[in-house]
Amino acid sequence: MNDAEALVNRVAELEFQFAHVQRISDQLNEVVTHQASMIERMQRRIISLESVIGELKQAAETTTDPLDEKPPHY
C-alpha cells in the first residue's frame, strides 16, 4: 500500500467517524429539544398548581374555624 492509498483510506475512515459523530449529535439534539419542551410544560403546570394551591389557602383562611362555632343544639 503506498502513501496515497493510505491517505485515502485514512480520509475515508475519518469521514465515516465524522458521519457517526454527526448522527449522534443530531440524536442528542432531538433529546435535548424534547426535554426542553417537557420542562417548559412542567413549569407551566407547576405555576398553575401553585396558583390553585394559593387559592385554596386563601379560601381556607377566610372560612371560620369550626371550633369557634356553636353546636347546632344551642
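Structure: above.
Bear in mind the structure is a predicted one, so any value in this text is a computation, not a measurement. (Residues numbered from 1 in each chain as written. Predicted model: local features only at pLDDT ≥ 70, side-chain atom pairs only at ≥ 80, totals over all residues. Heavy atoms only, no water.)

### Comments concerning the overall build of the protein
The test is simple: Here a strand is any run of E in DSSP of at least two residues, a helix any run of H or I of at least four, and the numbering for each starts at the N terminus. Here the radius of gyration uses the C-alpha set of atoms, whereas the globule reference equals 2.2 Å times the residue count to the power 0.38. In this scheme, a residue with accessible area under 20% of its type's maximum is buried, one over 50% is exposed, and one in between is partly exposed, where area comes from a 1.4 Å probe on protein chains only. All accessible-area figures derive from a Shrake-Rupley calculation using a 1.4 Å probe, and residue coverage is judged against the displayed protein chains alone. Counted charges follow a simple rule, with Lys and Arg positive, Asp and Glu negative, and His plus the chain ends left uncounted. Note on charges: their place is set at NZ of Lys, CZ of Arg, CG of Asp or CD of Glu.
The helix and strand inventory of the protein stands at one helix and zero strands. Taking 2.2 N^0.38 as the reference for a compact globule, 74 residues should give roughly 11 Å; the C-alpha atoms of the protein span a radius of gyration of 32 Å, well beyond that estimate. The principal-axis extent of the C-alpha atoms belonging to the protein is close to 110 × 15 × 10 Å. Going through the 74 residues of the protein one by one, you find that 0% of them count as buried. On the protein, roughly 7300 Å² of surface is accessible, and the fraction owed to carbon and sulfur atoms is 60%. Taking the 7 positively charged and 13 negatively charged side chains of the protein as two groups, their mean positions are separated by 6 Å.

### Here we look at a nonpolar patch on the surface
Put simply, the rule reads: Within the patch definition used here, like charges are joined within 9 Å and nonpolar side chains (Val, Leu, Ile, Met, Phe, Trp, Tyr) within 5 Å, considering only residues with over 30% relative accessible area and no salt bridge. One side-chain nitrogen of Lys or Arg within 4 Å of one carboxyl oxygen of Asp or Glu is enough to make a salt bridge.
A surface patch of nonpolar side chains, amounting to about 260 Å² of accessible area, comprises M38, I39 and M42. Mapped onto the elements of the fold, M42 is located in helix 1 (residues 3–62). On the basis of relative accessible area, M42 is assigned to the partly exposed category, the value being 45%.

### Comments concerning the pattern of salt bridges
For the structure on display, the rule yields one salt bridge. Residue R44 is joined to E40 by a salt bridge in which the shortest nitrogen-to-oxygen separation is 3.0 Å. Placement of both R44 and E40 in helix 1 is noted, with a separation of four residues, approximately one turn of the helix. For R44, a relative accessible area of 48% translates into the label partly exposed.

Any link to function would need more than the numbers given here.
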